[in-house]
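Summary of structural features
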Amino acid sequence: MNDEKIINDPVFGFIKIPRGPLLDIIKHPWMQRLTRIKQLGLTSVVYPSAQHVRFLHSIGSFHLMSEAINSLTNKGVFIFDSEAEAVEAAILMHDIGHGPFSHVLENTLINGISHEDISLIMMEQMNREMKGALTLALKIFKNEYPKKFLHQLISSQLDMDRLDYLRRDCFFTGLTEGNIGSARIIKMLNVANDSLVVDYKGIYSIENYLISRRLMYWQVYLHKTTVASEKMLLNVLNRAKGLVRNGHEVFAPPCLKYFLSNDVNAELFKCDSKALYYYTLLDDTDIWSALKEWTENNDNILSILASDIINRNLFKVEVSDKPFDEEYIENIRKSLSDRYNITKEETCYFMSIDFIQKDMYDFNDDHISILYKDGTIKDISEASDILDIALLSKKNRKYYLCYKRF
């Protein structure tokens, strides 16, 4: 019997999965659920080829973790086989608690609990099912293990999660300008004082990584059309939730109906086993099937929003560097009310006002440390010739006004 499985990944080629706990994780129904959840949610309205799923991202992150472990051990960093397997298991499961359409559900169907928290709940349950085989993986994931650099490989400025999704999202969107040298960065990783550092020869790769990441956020993840699409989805879910709780008949698969009918928060996840059960069944197909049915709903607002999402009749988007004038917003609200024969209060479903801020690099919270031959360690903001601290720390804030065309 072969002691490993091989997955052919379009980004990294053949990826080997050893039999045992790692393969058991991949075969688990909760992991297989990620094959039905797109990595980039509604970004395909801008980049039609962005159809890859979170399962692929998890496999890619696992592959990069294996590469990082090999690179570090070759440099003399001592890592037990059990630690290597545990950190690989942790990165495999890091996104297992993600809901459909990226972070949209965290602000609508569930409140007060993030997908990271749900991932941890699911991992703990899987550990019980696997009779404690994931105990060490959980300690590393929660940063409770003495070797802190192992946790940094899962969650930090240069974790394997980011290195995979930036490379993968570039591949599937076709946005080659944002590509990063993940292999080079991994080869340059090292450990000093129990912290992840980068050998000084890798400084140019880190500079490219930071610039590419900024480009990807504003051109892909925070693209104005993607933001508008997500606001539409958020509004239609809120409308459906309001209708259900007022006694209106709204079609939804049972797993979605549970979240439309209940205020699901962290406390409910702890005390009601149905919350986790239905969450582990929820995927993109449930949302799409509901949206298709809602196009025929007798509630005009719900049917218009659902039809617009299905047929890609997207909100108009205006972007500004400063807040929008209240009088201007009020005029749009009045036009929507008149055009669609709805109240001023109901216009909130046909528009959205928000701001988005993304820092390229936060010197106070995050660090990428460069290790020199003489043992000196400098932050990238000090070590780089082209990335000064003023540029790296610049606060980029954009104001978005999205509304239905009239």
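Along each chain, residue indices are assigned from 1 in the same order as the chain's sequence is written. Predicted model: local features are reported for residues with pLDDT of at least 70 only, side-chain atom pairs are reported and counted for 80 or more only, and whole-chain, interface and lining totals are derived from all residues. Hydrogens and waters are ignored; side-chain quantities use all the structure's heavy atoms.

1. Topic: the pattern of salt bridges
A pairing counts as a salt bridge when a side-chain nitrogen of Lys or Arg comes within 4 Å of a carboxyl oxygen of Asp or Glu. One pass over the full model with this rule turns up 17 salt bridges. The partner of aspartate 308 in a salt bridge is lysine 404, with the nearest N and O atoms 2.6 Å apart. Highlighted residues: aspartate 308 in helix α16 (residues 300–310) and lysine 404 in the segment after β9 (395–403), separated in sequence by 96 residues. Per residue, the accessibility class of aspartate 308 equals that of lysine 404, and both read buried. Among the ionic pairs, glutamate 330 bridges to lysine 344, the shortest N-O distance being 3.1 Å. Here glutamate 330, found in helix α17 (residues 326–340), pairs with lysine 344, found in the loop between α17 and β6 (351–359); they are 14 residues apart in sequence, far enough to count as distant. Residues participating in the shared-partner salt-bridge network are Asp9, Asp164 and Arg168. In this description a helix means any DSSP run of H or I spanning at least four residues, a strand means any run of E spanning at least two, and both kinds are numbered starting from the N terminus. Categorising residues by exposure relies on relative accessible area from a 1.4 Å probe, with only protein chains included: less than 20% of the type maximum marks a residue as buried, more than 50% marks it as exposed, and the intermediate range marks it as partly exposed.

2. Let's talk about the packing of aromatic side chains
Between the rings of Phe, Tyr and Trp (Trp by its six-membered ring), a pair exists once the centres lie within 6.5 Å; its type follows the angle of the planes, with under 30 degrees stacked, over 60 edge-to-face, and the other angles tilted. A complete count under the given rule lists 14 aromatic pairs for this structure. A ring pair is formed by phenylalanine 101 and tryptophan 288, whose centres lie 5.6 Å apart and whose planes are at 65°; its orientation type is edge-to-face. In this pair, phenylalanine 101 is assigned in the loop between α4 (81–93) and α5 (115–129) and tryptophan 288 in helix α15 (residues 284–294), connecting sequence segments 187 residues apart. Note on tyrosine 200 and tyrosine 372: the rings are 6.1 Å apart at their centroids and 15° apart in plane angle, and the pair reads as stacked. You can see tyrosine 200 sitting in the loop between β4 (195–199) and α10 (203–221) and its partner tyrosine 372 sitting in the loop between β7 (369–371) and β8 (377–379), a full 172 residues away along the chain. The rings of Tyr258, Phe259, Phe269, Tyr277, Tyr278 and Tyr279 are connected pair by pair, giving a single aromatic cluster. We call a charge positioned over a ring when the NZ of a Lys or the CZ of an Arg lies within 6 Å of the ring centre and within 35 degrees of the ring normal. The ring of tyrosine 372 has lysine 378 sitting right over it, with the charged end atom 5.6 Å from the ring centre. We note arginine 397 situated over the ring of phenylalanine 355; from NZ or CZ to the ring centre the distance is 4.1 Å.

3. What about the environment of isoleucine 118?
Positionally, isoleucine 118 belongs in helix α5. The buried category is assigned to isoleucine 118, whose relative accessible area is 0%. Note on contacts: a residue pair is in contact if any heavy atoms of the two residues lie within 4.5 Å. Those residues within four positions of isoleucine 118 in sequence are excluded, and the remaining contacts are Gly97, Ile110, Ile113, Phe269 and Tyr279.

4. So, helix α3 (residues 54–74)
Since the α-helix packs 3.6 residues into each turn, any two residues three or four apart lie on the same face. Working rule for helices: expected span equals 1.5 Å times residues minus one. The end-to-end C-alpha separation of α3 is 30 Å, in line with the 30 Å expected for 21 residues at 1.5 Å each. With 16 of 21 residues buried, α3 lies mostly within the body of the structure.

5. Focus on α5
End to end, α5 covers 21 Å across 15 residues, agreeing with the expected 21 Å (1.5 Å per residue, within 8%). Along α5, the positions that sit buried rather than exposed are His115, Ile118, Ser119, Met122, Met123, Met126 and Asn127. Residues of α5 that are buried make contact with α1 (21–27), α2 (29–32), α4, α6 (135–141), α13 (266–271) and α14 (273–279).

6. Notes on the pairing of strand β3 (residues 189–192)
DSSP bridges decide pairing: two strands pair if at least two such bridges lie between them. By the bridge criterion, four bridges tie β3 to β4 in an arrangement that is antiparallel. Counted as the bridge partner of alanine 192 is serine 195 from β4. Remark: two residues form the turn of the hairpin made by β3 and β4, two consecutive strands paired antiparallel; asparagine 193 in that turn has positive phi of roughly 55°.

7. Regarding the nonpolar core
Think of a nonpolar core as a cluster: buried Ala, Val, Leu, Ile, Met, Phe, Trp, Tyr and Cys residues, connected wherever their side-chain atoms sit within 4.5 Å. Leu153, Met160, Leu233, Val236 and Trp294 are the most contacted members of the largest nonpolar core, which totals 140 residues. Take this core: its biggest share by element is ten residues, from helix α11 (residues 224–245). Discounting residues that sit within four places of it in the chain, valine 236 has contacts with Leu291, Trp294, Leu302, Leu305, Ala306 and Ile309.

8. A look at the sheet that holds β3
Pairing is mixed across the open sheet formed by four strands, whose spatial order is β3-β4-β7-β8. Edge strands, defined here as strands with exactly one partner in the open sheet, are β3 and β8. Each strand axis lies, on average, 45° off the axis of its neighbour in the sheet, ignoring direction. Where β4 meets β7, two bridges bridge the pair, whose relative direction is parallel. Note on geometry: axes are C-alpha line fits, over the in-contact stretch for helices, and angles between N-to-C directions span 0 to 180 degrees.

9. Remarks on the packing of α11 against helix α12 (residues 254–261)
The geometry of α11 relative to α12 is characterised by a closest axis approach of 8 Å and an angle of 75° between their N-to-C directions. Taken together, the axis directions place α11 and α12 in an arrangement best described as roughly perpendicular. Across from Leu237, Ala240, Lys241, Val244 and Arg245 in α11, the residues of α12 making contact are Lys257, Phe259, Leu260 and Ser261. Residues were grouped as follows: Ala, Val, Leu, Ile, Met, Phe, Trp, Tyr, Cys and Pro as nonpolar; Asp, Glu, Lys and Arg as charged; and all remaining residues, including Gly, as polar. Here the contact of α11 with α12 is built from residues that sort into five nonpolar, one polar and three charged. Oblique is the label for every angle not falling under 35 degrees (roughly parallel), over 145 degrees (roughly antiparallel), or within 65 to 115 degrees (roughly perpendicular).

10. Here we look at the side chain of glutamine 157
Assignment of secondary structure puts glutamine 157 in the loop between α7 (148–152) and α8 (160–173). Residue glutamine 157 is classed as buried on the basis of its relative accessible area of 4%. Side chain to side chain, glutamine 157 and arginine 213 meet in a polar contact 3.0 Å long. We define a polar contact as two N or O atoms separated by no more than 3.5 Å, with the added condition that, inside protein, one atom must be a possible hydrogen donor and the other a possible acceptor, whereas residues neighbouring each other in sequence contribute only through side-chain atom pairs.

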